[in-house]
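# Tertiary structure, described
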Amino acid sequence: MFLYRQVCTTSKLSKIPWKYKKFAITQGQKALTDYLHATRCIPYAYADQIAKNSLTALTNLITKLGSFSPSNFPHNLNKFLRYNPINEFEFFFESIGIDPSKFPSLLPPNNFFFSEDGTLLDVACVLNEFGFPWDKLGVLYVESGCAFKWGASELKGRLCDFKSYGFCNVQVVGICLAFPFVFNGQRGAEVDALFCDLRVLFEEFCLAGCVEGKGNSVDDWYGVCRKIRVFFDLNGGKNIGERIGGNKGVGVIVEHTEGELVQAAEYFCRFGVKKEDVARLILEGEELLELDLEMRVVNVLKLLKHFGMSSNGVEDVRRDYAHVLGTVKMGNLPNVMRALGLHEWFFDKIKDGNHRLLVSFVASYPNEVRDKGYLGRVKAIRASRTPTHNMSKLDFLHAIGFGENALTMNVYTQMHGTSGELQKRFDCLLRFGIEFSKVCKMITVHPKILSQNPESLEQKINFFCQEMGHSVEHLATFPAFLCFDLENRIKPRYRFHMWVMEEGLSSKNYSIASMVATSNRNFVARAFKIHPAAPKHWFEQFYPSNWPL
């Protein structure tokens, strides 16, 4: 990452010959250190930290000098700093590890100098002296900021309080970086419970020994605390010592990376279950962390049978949910189960120590055969004029639970829009409270509903619920409603129907489909049967003026 930043920043120095760019950066850091120390009275050690860890801000400063001359560069830079004050907070924030893209929301609006802020630099110095790496202080500032609101003496006392739980400096640093909220004075009980739980984990369950055996640096403790943080967040911040404690839990923390734990947590949370149940599943089922939860291909019907679904249940799925059949990638399995309405059923099958059911299924079918017809269509899509766009549309369908089958391909050909647009339209339907599985079935019946933009969908659903008085779930019986023009079709016909009812011309309550989907010719013919004068009233009062007769 450092090399990447250095390449990116030096590439901005277009006016400086390549062979002098390293020279310019080195001299720039020296001049900035001298300026901060000699002119701004910042202790040399911290001035040096700021200068050496703020490449982007330094590069921007150098570009302001204009033309470059190796012999005059140091003099020109010192002269510039003498007469042009710099925003010291920009250099400081970058040096403590904050990305410059976040500066707009962090920089004090009217301050340029540390002297205008009574605590910021003093707090950073206290933390660094205690053992916090300078370039990681941004973690504390961005996630919480509470640490930088304490006075220097108060902060020292706070850090001593943390040590009183039985931790050394390096352990306290790792804990604080992983749990920045510990500096929040209003969360005292929660902070106390956290440190007590961590003491249990480190001492009684020997986690400290495991960490010290691999190394005893800040990075080692920060890394293990970040892994603990995964389960802390899943468990709502409660009883983390009890949850992780034991050989299995400690083994999961020690033997697996944070990335593996986060991936598994995010994956199983997608089944729409309680997060604490996900934490328990991962800690009790370490074998799950060995599975390929993304690219491994499985057969839906085989999985349902393996998980104990009855033959009648399997036939119901085959009949009513043809869009999920065939093979699917494991990464899409959570939404496949949601598309079936079986996500909670699936999770219940693997929790409480039954995780081996999934492990054994994956082991039983190592090389699942995919449908040749489907693969042929995919090959044609990849050979099309816009393969990236077309494949992203297909990937969207798979991501919401559609399997690798002919029905999925049929739906794919009738949808229009980018994958991002399709996702927004899909999410729009979910926001109105339609069940995930019902939205998928609506798409299967009438794919073009996802060709409507979110604003249009919202207007139609609001009219359907608020003026027509129907439940949003009722849309599942007639999804085509969402494809008709609201102003020129739905509203005029519905309001004409209401006029007929109010005038007592007809007692028949027509269905939504018969009101909206009937052709203009048949609609007028029906109006004539209701009353010979009804068509005239329809054309004069309700028929859209911009439509041809």
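Structure first, text after, so check above.
The structure contained in this document is the topic of the report that follows. Computed from a predicted model, the values in this text were never measured in an experiment.

Criteria and thresholds
Residues numbered from 1 in each chain as written. Predicted model: local features only at pLDDT ≥ 70, side-chain atom pairs only at ≥ 80, totals over all residues. Heavy atoms only, no water. Helix = DSSP H or I, 4+ residues; strand = E, 2+ residues; numbered from the N terminus. Rg over C-alpha atoms; globule rule 2.2 N^0.38 Å. Buried < 20%, exposed > 50% of the residue type's maximum accessible area, 1.4 Å probe, protein only. Contact = heavy atoms within 4.5 Å. Areas by Shrake-Rupley, 256 points an atom, 1.4 Å probe, with all protein chains shown as cover. Lys, Arg positive; Asp, Glu negative; His and termini not counted. Charge placed at Lys NZ, Arg CZ, Asp CG, Glu CD. Phe/Tyr/Trp six-rings, centres within 6.5 Å; stacked < 30°, edge-to-face > 60°. Lys NZ or Arg CZ within 6 Å of the ring centre and 35° of its normal. Polar contact = N/O pair within 3.5 Å; in protein donor to acceptor, adjacent residues only side chain to side chain. Axes fitted to C-alpha atoms, helices over the stretch in contact; angles between N-to-C directions. Parallel < 35°, antiparallel > 145°, perpendicular 65-115°, else oblique. Left-handed = near helix turned anticlockwise from the far one by under 90°. Nonpolar A, V, L, I, M, F, W, Y, C, P; charged D, E, K, R; others polar. Salt bridge = Lys/Arg side-chain N within 4 Å of Asp/Glu carboxyl O. Core = buried A, V, L, I, M, F, W, Y, C linked by side-chain atoms within 4.5 Å.

With that settled, the discussion passes to the overall build of the protein. In terms of helices and strands, the protein carries 33 helices and two strands. On C-alpha atoms alone, the protein measures out to a radius of gyration of 32 Å, which is more than a quarter above the 24 Å that the 2.2 N^0.38 rule sets for 549 residues. In terms of overall dimensions, the protein has C-alpha extents of about 95 × 60 × 50 Å along its principal axes. With 549 residues in all, the protein has 47% of them scored as buried. Excluding contacts between residues fewer than 6 apart, the proportion of contacts in the protein whose partners are at least 24 apart in sequence is 70%. Of the roughly 26,600 Å² of accessible surface on the protein, 50% is carried by carbon and sulfur atoms. Taken together, the 64 basic and 58 acidic charged side chains of the protein have centroids lying 9 Å from each other.

Its location among the elements puts Ser437 in helix 28 (residues 436-445). The buried category is assigned to Ser437, whose relative accessible area is 11%.

Enumeration over the complete set of coordinates arrives at 41 aromatic pairs. Summarising the aromatic geometry, the rings of Phe23 and Phe73 are spaced 6.3 Å apart at their centres and angled 55° between planes, so their arrangement reads as tilted. Of the two residues, Phe23 is situated in helix 2 (residues 18-39) and Phe73 in helix 5 (residues 73-83); the sequence distance between them amounts to 50 residues. Residue class for Phe73 comes out buried when judged on its relative accessible area of 3%. If you follow Arg40 out to its NZ or CZ, it ends over the ring of Phe113, 4.4 Å from the centre. Cation over ring: Lys441 sits above Tyr321, and NZ or CZ is 4.8 Å from the ring centre.

A few words now on the environment of Arg370. The topology assignment puts Arg370 in the loop between helix 23 (356-364) and helix 24 (372-382). Once the C-alpha coordinates of Arg370 and Gly326 are considered, the two residues, 44 residues apart in sequence, prove to be 7.5 Å apart. The contact partners of Arg370, leaving out residues within four places of it in the chain, are Val297, Thr327, Leu375 and Glu404. A polar contact is formed between the side chain of Arg370 and the side chain of Glu404, at a distance of 2.7 Å.

This part takes up the packing of helix 27 (residues 419-431) against helix 29 (residues 454-467). At a closest axis distance of 9 Å, the pairing of helix 27 and helix 29 adopts a crossing angle of 25°. By the angle between their axes, helix 27 is roughly parallel relative to helix 29. Our pair here, helix 27 against helix 29, has a crossing hand that is right-handed. Residues Lys424, Arg425, Cys428, Leu429 and Arg431 of helix 27 form the contact with helix 29, whose own contacting residues are Pro454, Leu457, Glu458 and Ile461. Looking at side-chain class alone, the contact of helix 27 with helix 29 contains five nonpolar, no polar and four charged residues.

The subject of this paragraph is the pattern of salt bridges. Enumeration according to the criterion identifies 22 salt bridges in this entry. The closest approach of N and O atoms between Arg229 and Asp233, which form a salt bridge, is 2.9 Å. Highlighted residues: Arg229 and Asp233, both in helix 14 (residues 218-234), separated by four residues, approximately one helical turn. Arg229 sits in the buried class, given a relative accessible area of 17%. The partner of Arg318 in a salt bridge is Glu315, and the shortest N-O contact between them spans 3.4 Å. Here Arg318 and its partner Glu315 are both found in helix 20 (residues 311-320), three residues apart, which amounts to about one turn of the helix.

Let's shift gears to the nonpolar core. Nonpolar side chains in soluble globular proteins tend to be buried together. Counting residues in hydrophobic clusters, the biggest one holds 184 residues, and the most contacted among them are Phe183 and Phe231. In terms of residue count, helix 14 provides more of this core than any other element does, 10 residues in total. Setting aside residues up to four positions removed in sequence, Phe183 forms contacts with Leu127, Phe132, Leu140, Cys146, Ala147, Trp150, Leu155, Arg158, Leu159, Phe162 and Cys176.

Below, the discussion takes up unusual backbone geometry. Even without a glycine there, the phi angle at Cys41 is positive, about 60°. Position of Cys41 relative to the elements: it lies in the loop between helix 2 and helix 3 (44-52). Residue Cys206 is not a glycine yet carries a positive backbone phi of 60°. Positionally, Cys206 belongs in the loop between helix 12 (188-204) and helix 13 (207-214). We classify Cys206 as partly exposed; its relative accessible area is 48%.

Any functional reading would require information that these geometric values do not contain.
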